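# Structural features, examined
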Amino acid sequence: MTRIAFIGLGNMGGGMAANQARAGHEVVAFDLSAAALERAVAAGCRAAGSVIEAVAEAEVVITMLPAGPHVRDVYGAQILGHAPTTALLIDCSTIDVESARAVALLARSAGYRFADAPVSGGTAAAEAGTLAFMVGCDEADFADIESALVPMSRVTIRAGDHGAGQAAKICNNMVLGITMIGVCEAFALAEKLGLEADRFFDIASRSSGQCWSLSNYSPWPGQVPTAPSNRNYEGGFATAMMLKDLKLAQEAAAKSGAATPMGAQAEGLYALFDQLGGRGQDFSAILKMFRGELAP
Ligand code: NAD
């Protein structure tokens, strides 16, 4: 049994902390939201009154927070210097690469082992304990990090040094956003050309148009039973989250001087879909925009 401090018990962190408790670990949890904290207690965690109290005797600290500023603030003011320096610090939030590297530097200078370990998989995977973790850390720390993540993970891959986990996450999601738009455009064109959607799916899935967005997550209802398109685009990966990740990719591209024109287009199109009411729907619902179902 490991004593784990879990900070950030929202849509993702709630299920993740519950899986750590279910695996028999002592999970001391904290969230600014009293309701989130109550749910964690009902799932077997112990409530702390603050981040500082939660991490005081932790062997592992896991954070699942909204964005870079939250992570910088929580580590800078409430974890570093308050958790024992023997504690393994793992940030699973999706944040900008620069913040991840800055927090890693601070943590390591204070004598801690730190990893950025963002996840692929939404709330269903968080609840099921089947997330994919992409990790940026010192090579020597990876085995301990991988083992700490086991109750929450399907797979854990080391992407490289600090910040590489976040880099992998935003590059992967940029591919996902771009390919989903391509698939949706193709369905919309096929429809205009009188090509039946299921025929197109059958053909493209077995031709060079095959990709995850089409074959595993088709935006057209009735083709992939597990896809959110069959649940009125509820659940899955929200458009707001896709937009956040595409913005992070564009910020990183601007800072590093990478040319990502398709990523920029994808960000613009998801921003438009967000404004047209897509925010809370799964990102594959952008199909509606290409089929002309939403008036700009
Ligand atoms: P969320 O907003 O539901 O949860 C974040 C939680 O952090 C909230 O409960 C909030 O009260 C808490 N919090 C904020 N500041 C805090 C502080 N200073 N101290 C303690 N608690 C604090 O968000 P989420 O959907 O759980 O996402 C968390 C992270 O996971 C984000 O970085 C997101 O991009 C990433 N992510 C989300 C999904 C998804 O499908 N929701 C998928 C992959 C990755």
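Described in the following lines is the structure provided in the data block. Since the model is a prediction, treat every value here as computed from it, not as a measurement. (Residues numbered from 1 in each chain as written. Predicted model: local features only at pLDDT ≥ 70, side-chain atom pairs only at ≥ 80, totals over all residues. Heavy atoms only, no water.)

With respect to the helices, strands and loops of the structure, Asn173 is situated in helix H8 (residues 164-192). A polar contact is formed between the side chain of Asn173 and the side chain of Asp245, at a distance of 2.7 Å. In this structure Asn173 touches Phe237, Met242, Asp245 and Leu246, once residues within four positions along its chain are discounted. (Helix = DSSP H or I, 4+ residues; strand = E, 2+ residues; numbered from the N terminus. Polar contact = N/O pair within 3.5 Å; in protein donor to acceptor, adjacent residues only side chain to side chain. Contact = heavy atoms within 4.5 Å.)

Taken together, the buried positions of helix H4 (residues 68-79) are Gly68, Val71, Val74, Tyr75 and Ile79. The buried side chains of H4 occupy one side of the element, clustering within an arc of 140° when seen end-on. The secondary structure elements touched by the buried residues of H4 are strand S1 (3-7), helix H3 (51-55), strand S4 (60-63), strand S5 (88-91), helix H5 (97-109) and strand S6 (113-116). At the C-terminal side of H4, Gly81 shows a positive phi close to 90°. (Buried < 20%, exposed > 50% of the residue type's maximum accessible area, 1.4 Å probe, protein only. Arc of directions from axis to C-beta.)

Let's shift gears to a nonpolar patch on the surface. Residues Leu189, Leu193 and Leu195 make up a contiguous nonpolar surface patch of about 300 Å² in total accessible area. Counting through the fold element by element, Leu189 comes out in helix H8. (Patch = residues over 30% accessible without salt bridge, like charges linked within 9 Å, V, L, I, M, F, W, Y side chains within 5 Å. Areas by Shrake-Rupley, 256 points an atom, 1.4 Å probe, with all protein chains shown as cover. Salt bridge = Lys/Arg side-chain N within 4 Å of Asp/Glu carboxyl O.)

On to the site of the ligand, then. The immediate surroundings of the ligand are formed by 22 residues, with Asn11, Met12, Asp31, Leu65 and Lys244 found nearest. A distance of 2.9 Å separates an oxygen atom of the ligand from a polar backbone atom of Asn11. In this structure, a nitrogen atom belonging to the ligand sits 3.5 Å away from a main-chain N or O atom of Leu32. Its free accessible area being 830 Å², the ligand has 85% of it covered by the protein chains. Class assignment for the residues of the shell around the ligand results in eleven nonpolar, eight polar and three charged. Counting residues domain by domain, the shell around the ligand receives three or more from each of domain 1 (3-162) and domain 2 (167-290). (Near = heavy atom within 4 Å. Nonpolar A, V, L, I, M, F, W, Y, C, P; charged D, E, K, R; others polar. Domains from an automatic or database assignment.)

What follows covers the pattern of salt bridges. Charged atoms that come close allow side chains of opposite charge to pair. A full pass over the atoms with the stated rule returns 13 salt bridges. A salt bridge links Asp245 to Lys169, with the nearest nitrogen and oxygen atoms 3.9 Å apart. Here the residue Asp245 occupies a position in helix H11 (residues 239-256), and Lys169 occupies one in helix H8, the gap between them amounting to 76 residues. Across the salt bridge formed by Asp274 and Arg279, the nearest N and O atoms sit 2.9 Å from each other. Classification of Asp274 as buried rests on a relative accessible area of 15%. The exposure class of Arg279 is partly exposed, given its relative accessible area of 47%. One connected set of salt bridges, linked through shared partners, spans Arg3, Glu26, Arg46 and Glu57.

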